[in-house]
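# Coordinate inspection notes
Each chain is listed here by its residues.
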Amino acid sequence: MKLRKKLILGTSALLVAGGLTAFTRDDRFFEIARNLDIYATMFKELNMYYVDEVNPNRMVKTSIDAMLKSLDPYTNFYAEDDIEDYMTMTTGRYNGIGATVGTRQDKSIVMMLYEGTPAEKSGLQIGDEILKIDGVDIKTRRDADTGKLLRGQTGTAVKLTVKRFGQKEPVEISVMRDVVKMTNVPYYGMLNDEVGYIDLKDFMAAAGREVRAAYQELKGKGMKKLVLDLRENPGGLLDQSIDISNIFIPRGSEVVTTKGKVTEWNKAYAAQSPALDTEMPVVVLTNNHSASAAEIVSGVIQDYDRGVLIGQRSYGKGLVQTTRPLSFGTRMKITTAKYYIPSGRCIQAIDYSHRNADGSVGKIADSLRTAFKTRAGRTVYDGGGVTPDIQTEAQTPTPIALSLTNKGLIFDYAVKYKHDHPTIKPAREFKLTDAEYQEFVKWAGDKEYDYTTQVEKDLGVLEASAKKEKYFDQIQNQLQALKSKMSHSKDADMKTFQTEIRSLLEQEIAGHYYLQKGIKEASFSTDTDIKTALDLFKDMSKYERILKGSK
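Presented here is a report on the structure given in the accompanying data block. (Residues numbered from 1 in each chain as written. Predicted model: local features only at pLDDT ≥ 70, side-chain atom pairs only at ≥ 80, totals over all residues. Heavy atoms only, no water.)

## Re the overall build of the protein
Assigned secondary structure in the protein consists of 18 helices and 21 strands. Along the first, second and third principal axes, the C-alpha set of the protein runs to 80 × 70 × 65 Å. Evaluated residue by residue, the protein yields a buried proportion of 42% over its 551 residues. When contacts within the protein are restricted to residue pairs at least 6 apart in sequence, those whose partners lie at least 24 apart make up 69%. Of note, the protein has its 78 positive side-chain charges centred 2 Å away from the centre of its 74 negative side-chain charges. (Helix = DSSP H or I, 4+ residues; strand = E, 2+ residues; numbered from the N terminus. Buried < 20%, exposed > 50% of the residue type's maximum accessible area, 1.4 Å probe, protein only. Contact = heavy atoms within 4.5 Å. Lys, Arg positive; Asp, Glu negative; His and termini not counted. Charge placed at Lys NZ, Arg CZ, Asp CG, Glu CD.)

## As for the pairing of strand β10 (residues 187-190)
Where β10 lies against strand β11 (residues 195-199), four bridges are found, and the strand directions are antiparallel. Directly across from glycine 189, in β11, lies its bridge partner tyrosine 197. What sits between β10 and β11 in their antiparallel hairpin is a turn of four residues. (Pairing = 2+ DSSP bridges.)

## A few points about the sheet that holds strand β21 (residues 390-391)
One open sheet holds the six strands; their spatial order is β10-β11-β12-β15-β16-β21, and the pairing between them is mixed. In this open sheet, the two edge strands, each paired with only one partner strand, are β10 and β21. By the bridge criterion, four bridges tie strand β15 (residues 282-286) to strand β16 (residues 308-311) in an arrangement that is parallel. Its bridge partner lying in β16, threonine 286 is registered against glycine 311.

## Description of a nonpolar patch on the surface
On the surface, Phe29, Ile32 and Leu36 cluster together to form a nonpolar patch covering roughly 250 Å² of accessible area. The topology assignment puts isoleucine 32 in helix α2 (residues 27-49). (Patch = residues over 30% accessible without salt bridge, like charges linked within 9 Å, V, L, I, M, F, W, Y side chains within 5 Å. Areas by Shrake-Rupley, 256 points an atom, 1.4 Å probe, with all protein chains shown as cover. Salt bridge = Lys/Arg side-chain N within 4 Å of Asp/Glu carboxyl O.)

## Concerning helix α4 (residues 83-91)
Among all positions in α4, only Ile83, Tyr86, Thr88 and Thr90 are buried. Where the residues of α4 are buried, they touch β1 (76-78), β2 (93-96), β17 (319-325) and β18 (331-340). Of the residues flanking the end of α4, it is glycine 92, one or two places downstream, whose phi is positive at about 75°.

## Details of the side chain of serine 241
Among the secondary structure elements, serine 241 is positioned in helix α8 (residues 238-245). Of the polar contacts made by the side chain of serine 241, one reaches the backbone oxygen of leucine 238; its length is 2.6 Å. Ignoring anything within four residues of it in the chain, the contact list for serine 241 reads Phe203, Ala293, Ile296 and Val297. (Polar contact = N/O pair within 3.5 Å; in protein donor to acceptor, adjacent residues only side chain to side chain.)

## Some remarks on the environment of leucine 218
One can find leucine 218 in helix α7 (residues 207-220). Given a relative accessible area of 0%, leucine 218 falls into the buried group. For the pair leucine 218 and tyrosine 114, spaced 104 residues apart in the sequence, the C-alpha separation amounts to 22 Å. In this view, leucine 218 contacts Tyr188, Gly189, Met190, Gly196, Tyr197, Ile198 and Met223; residues no more than four positions away in its chain are not counted.

## Thoughts on the packing of α2 against helix α3 (residues 56-69)
At a minimum axis separation of 12 Å, α2 and α3 run at an interaxial angle of 140°. The hand of the α2/α3 crossing is right-handed. Between α2 and α3, the residues in contact are Tyr39, Phe43 and Leu46 and Pro56, Met59, Val60 and Ser63, respectively. (Axes fitted to C-alpha atoms, helices over the stretch in contact; angles between N-to-C directions. Left-handed = near helix turned anticlockwise from the far one by under 90°.)

## As for the pairing of β17
Of the strand pairs in this sheet, β17 and β18 are connected by seven bridges, and their pairing is antiparallel. Bridging across to β18, leucine 319 finds its partner in lysine 338. Counted along the chain from β17 to the antiparallel partner β18, the turn is five residues long, and its residue phenylalanine 328 has a positive phi close to 55°.

So, in structure tokens, the structure goes:
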């Protein structure tokens, strides 16, 4: 304790002496030194007098996170203990078993296995409940981090004790840890005889190499048109967005320009390699979760009129982050610039530099967006993400489907279904029969998954407003009659929305047999954006008109 007090006092003295000696001529640096001294003094007082023991690492991390949160969501601090997670996020590699484990009702459940990983090869199954890891009962150890316990050095074994559906006694499984590579392209294949499909979910290291390999393999299978899916892609490494854009545009073409406070970091990035194909028709799918590097690629495709964008407006993250090393093995990812795509537009949607009185920030109004031109002269806009050439409506889940998913009933039934059915048809062909769907309805009948529809919520708001404004007595009877009429029935909703529920069930079940690829292939028949893309490829004259700006 005495040593820690001396260290804190010494740090405080250093901050003052070093700060005042070096920065008295500069008011800004003087203010930094002054506030650092205030912080160190406050921390010393807390450490000495607070009623309970103070955890210095946790408190400093909390204070740093709060400070950075006032800037933007992307400037982050990584403590020494978090560096492994940071490296996994950027490289896509870690030492472990290759399984996603989630928590449901205080149970650690295997939610997904990844193809070719130690977890899949060991016989671990989706739906297994992990009871012990190397003999450690994770239920009684509340501080146990399941993810960290499963990770470890390559070549070391981890012993899992799991509870499996349909078996009374726990099962013990030994898994040999290895380097697990998280793929940027979890799926690619042919949608029909001539249309290829690449699902790009991340821009971690090697994303460009994975897309190129998938592209060339599909071309070898007869691909003449391509659907590149960037939906739900949060972005990642800038260099990978340049590499992937380079697949479709010639060497030397500008991809992105960055501009920030440090002028020597302002750079223009161009395609460095010969393009794989500058002629093949391309459709890019986006939605409001396509961000950052995903927006660079989709924006490049649009600005060069290289392909047609289908879906919903992208997220609108036009900020560039740079990682800076700090002391004691820590790091900070800091926003250093904004990026601008070839037409000259920045697609950043939120102005973090001007906050409201309550600390919130707002999106840039459409009326303030500036018009730019693509190479063919089409009008595009900045300041709010990339707007698709063909906009489709986002598929919003119904309340019953959302409740069934969130309560885990879709997942649980898939576990039961796989236990009862050793094999199923290939994912693209797999469909539940009417009788099988009714079995699910019957199984879910006594399960807890209540929900409130939007109409019921709106009626609740109306009732509250009527009471507040003293009109309730006048409309009470009519309101009650309307509530009775609109009150949802689970049985009725199971029938009304069975197309959506069946699709969710089929995708989940296919995933339990064929993993990520099964989920993707089972979704094709009900995917509105993919259907729109295939319809457009059947009408190439419309495709050409869109690119020429004459829809």
